[in-house]
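Observations on the three-dimensional arrangement
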Amino acid sequence: QVQLVESGGGLVQPGGSLRLSCTASRSIYLMAWYRQTPGKQRELVATITSALTPNYAPSMLDRFTISRVNLKNAVYLSIDNLRPEDTAVYYCAADPQTITPPQVPTYWGQGTQVAVSS
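Structure report, in brief. (Residues numbered from 1 in each chain as written. Predicted model: local features only at pLDDT ≥ 70, side-chain atom pairs only at ≥ 80, totals over all residues. Heavy atoms only, no water.)

This paragraph deals with unusual backbone geometry. Between Pro101 and Pro102 the backbone carries a cis peptide bond, its omega angle lying at 20 degrees. Relative to the elements of secondary structure, Pro102 occurs in the loop between strand E9 (88–95) and strand E10 (107–108). Despite not being glycine, Asn73 has its phi angle at roughly 50 degrees, a positive value. Assignment of secondary structure puts Asn73 in the loop between strand E7 (64–69) and strand E8 (74–79). Here the phi dihedral of Asn81 falls at roughly 50 degrees; this positive angle occurs in a residue that is not glycine. Counting through the fold element by element, Asn81 comes out in the loop between E8 and E9. (Helix = DSSP H or I, 4+ residues; strand = E, 2+ residues; numbered from the N terminus.)

In structure tokens:
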């Protein structure tokens with residue numbers, strides 16, 4: 001089992017930036033960020049391997065940056081130029097091996113709410 005704990009969500013004004021953090025209870029190969037808005041399916045934002053290779057969903061290429069610190073078992077998601085449509089619950093996820101959508105990771109955090117509003 002792997003426990004994932006997210007932090008860093010909150011209320012942000014449009015145009016602002018935010019960095020989400022997630023810490024895993026042990027090292028694991030793949031870490032990822034997903035998000036979900038009410039009434040919509042959970043969508044992939046980005047993944048990153050223990051080799052620090054990132055992979056972004058096509059719609060997330062421009063304002064999202066995933067990073068990782070293996071020594072801390074931590075993954076981060078920086079979001080720039082936030083828009084109201086970025087409002088969602090952001091979930092940290094992890095898996096011991098590569099996933100290919102529509103596969104989803106095995107382990108999930110509880111999520112952290114991001115609200116973008118003036």
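What follows is about the sheet that holds E8. The strand order E1-E3-E8-E7 describes an open sheet built from 4 strands, whose pairing is antiparallel. Since the sheet does not close on itself, it has two edges, and those belong to strand E1 (4–7) and E7, each with one partner. Neighbouring strand axes in the sheet, compared pairwise and without regard to direction, differ in orientation by 15 degrees on average. Note: strand E3 (residues 18–24) against E8, 6 bridges, orientation antiparallel. The partner of Leu20 across the bridge, within E8, is Leu77. (Pairing = 2+ DSSP bridges. Axes fitted to C-alpha atoms, helices over the stretch in contact; angles between N-to-C directions.)

Following the sequence through the fold, Gln1 ends up in the segment before E1. Discounting chain neighbours no more than four positions away, the residues touching Gln1 are Ser25, Arg26 and Tyr107. (Contact = heavy atoms within 4.5 Å.)

To continue, consider the side chain of Thr37. Of note, Thr37 is situated in the loop between strand E4 (30–36) and strand E5 (43–49). The buried category is assigned to Thr37, whose relative accessible area is 18%. With residues near it in sequence (within four places) discarded, Thr37 still touches Thr87 and Ala88. (Buried < 20%, exposed > 50% of the residue type's maximum accessible area, 1.4 Å probe, protein only.)

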